[in-house]
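An overview of the molecular structure
One letter stands for each residue in the lines below.
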Amino acid sequence: MAKAAESSGEPGTTWPRPLMRDLKAVGKKFMHVLYPRKSNTLLRDWDLWGPLILCVTLALMLQRSSVDSEKDGGPQFAEVFVIVWFGAVTITLNSKLLGGNISFFQSLCVLGYCILPLTVAMLVCRLVLLAEQGPINFMVRLFVVIVMFAWSIVASTAFLADSQPPNRKALAIYPVFLFYFVISWMILTFTPQ
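Since the structure is predicted, the reported quantities are computational estimates derived from the model, not experimental observations.

To continue, consider a nonpolar patch on the surface. Among the surface-exposed residues, Ile-83, Tyr-174, Phe-177, Leu-178, Phe-181, Val-182 and Trp-185 lie close enough to one another that they form a single nonpolar patch of about 660 Å² accessible area. Broken down by element, the residue count for the nonpolar patch peaks at six residues, all from helix 9 (residues 169-188). Mapped onto the fold, Ile-83 is located in helix 5 (residues 77-97).

With that settled, consider the side chain of Ser-163. With respect to the element layout, Ser-163 can be found in the loop between helix 8 (135-160) and helix 9. We classify Ser-163 as buried; its relative accessible area is 8%. Side-chain polar atoms of Ser-163 contact the backbone oxygen of Leu-160, separated by 2.6 Å. If we skip the residues at most four places from it in the chain, Ser-163 touches Gly-100, Asn-101 and Ile-102.

What follows concerns the nonpolar core. Note that soluble globular proteins tend to have their nonpolar side chains buried in a common cluster. Counting residues in hydrophobic clusters, the biggest one holds 43 residues, and the most contacted among them are Phe-179, Tyr-180, Ile-183 and Ile-187. Of all the secondary structure elements, the ones that give two or more residues to this core are helix 2 (16-34), helix 4 (49-62), helix 5, helix 6 (104-113), helix 7 (116-128), helix 8 and helix 9. No other element matches helix 8, which puts eight residues into this core.

Taking 1.5 Å as the rise per residue, helix 7 with 13 residues should run 18 Å; its terminal C-alpha atoms sit 18 Å apart, in good agreement. If you check which residues of helix 7 are buried, you get Leu-116, Pro-117, Leu-118, Thr-119, Ala-121, Met-122, Cys-125 and Val-128. Summarising the contacts, the buried residues of helix 7 are in contact with helix 2, helix 4, helix 6, helix 8 and helix 9.

We now examine the UniProt feature "transmembrane region" (unreviewed entry) in the protein chain. Per the UniProt annotation, the sites labelled "transmembrane region" (unreviewed entry) are residues 48-65, 77-98, 104-131, 138-160 and 172-191. Secondary structure over residues 77-98 splits into 95% helix and 0% strand, and the C-alpha atoms at its two ends are 32 Å apart.

Throughout the structure, instances matching the rule amount to nine aromatic pairs. With 5.5 Å between their ring centres and 70° between their planes, Phe-30 and Tyr-113 make a pair best called edge-to-face. Within this pair, whereas Phe-30 is found in helix 2, its partner Tyr-113 is found in helix 6, the two being separated by 83 residues in sequence. For the pair Phe-177 and Phe-181, a centre-to-centre distance of 6.4 Å together with 10° between the ring planes defines the contact as stacked. Separated by four residues within a single helix, Phe-177 and Phe-181 lie in helix 9, roughly one turn from each other. A relative accessible area of 36% places Phe-177 in the partly exposed class. Judged by its relative accessible area of 40%, Phe-181 falls in the partly exposed class. Clustering of aromatic rings is evident, with ring pairs tying together Phe-149, Phe-177, Phe-181 and Trp-185.

If you walk through the whole model with that rule in mind, you get two cavities of 30 Å³ or more. There is about 60 Å³ of room inside the largest cavity. Every residue lining the largest cavity is listed: Ile-91, Ser-95, Ser-107, Leu-160, Ser-163, Gln-164, Ala-172, Ile-173 and Val-176. Here the lining of the largest cavity gets three residues from one element, more than from any other, and that element is helix 9. The class makeup of the residues in the lining of the largest cavity is five nonpolar, four polar and no charged. Taken as a whole, the second largest cavity spans an internal volume of roughly 40 Å³. As for the second largest cavity, its lining consists of Pro-51, Cys-55, Val-84, Trp-85, Ala-88, Leu-108, Leu-111, Gly-112, Ile-115 and Phe-179. Listed by contribution, the elements that provide at least two residues to the lining of the second largest cavity are helix 4, helix 5 and helix 6. Residues that form the lining of the second largest cavity fall into these classes: nine nonpolar, one polar and no charged.

Here is what the cut-offs are and how they apply
Residues numbered from 1 in each chain as written. Predicted model: local features only at pLDDT ≥ 70, side-chain atom pairs only at ≥ 80, totals over all residues. Heavy atoms only, no water. Patch = residues over 30% accessible without salt bridge, like charges linked within 9 Å, V, L, I, M, F, W, Y side chains within 5 Å. Areas by Shrake-Rupley, 256 points an atom, 1.4 Å probe, with all protein chains shown as cover. Salt bridge = Lys/Arg side-chain N within 4 Å of Asp/Glu carboxyl O. Helix = DSSP H or I, 4+ residues; strand = E, 2+ residues; numbered from the N terminus. Buried < 20%, exposed > 50% of the residue type's maximum accessible area, 1.4 Å probe, protein only. Polar contact = N/O pair within 3.5 Å; in protein donor to acceptor, adjacent residues only side chain to side chain. Contact = heavy atoms within 4.5 Å. Core = buried A, V, L, I, M, F, W, Y, C linked by side-chain atoms within 4.5 Å. Expected span 1.5 Å × (residues − 1). UniProt positions renumbered as here; feature names shortened; annotations may be inferred. Phe/Tyr/Trp six-rings, centres within 6.5 Å; stacked < 30°, edge-to-face > 60°. 1 Å grid on protein atoms, 1.4 Å probe; cavity = no way out; pocket = protein on both sides within 12 Å on 5 of 7 lines; lining within 4 Å. Points joined across faces, edges and corners; volume = space filled by probe spheres on them. Nonpolar A, V, L, I, M, F, W, Y, C, P; charged D, E, K, R; others polar.

Okay, structure coming up:
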């Protein structure tokens, strides 16, 4: 411990630096998803902190607020968590079986970070649901979910498309489309109790 404190230059400042470094890295990856462009940064410096944060946030927002949540038919925290991670693992295995040159954790990282637009869509939908329910309310939520769904697809394909053989890109993108569609459907059909 003493050697670590001495090596940083300032005594007692060993833990904030790695934490700040990781938070900056997660923030940079969020920016790559918000402004998708072909870049290897997200693939090269992969981590699972951002996807974990997004998955937990989305699962918490999708959880019903009723006391007896067993009877409302909505997704529970564990269900959302399993759908997101099982879906990402399935897409990653599909990518590897199609001959993709991306590692398992790189693919999980990209798919997880690209849930960011859908998490924003869920936040907007929760805010819209605070108003009266009606056709306008639904149309606003539908528009937001469709835009963020498309954003997730575009962001993930910007990173994953080059990792697939040219003749198999459609086979690799189709499961990604289905994965984000299921998450988008859960967001769109969410109604608080």
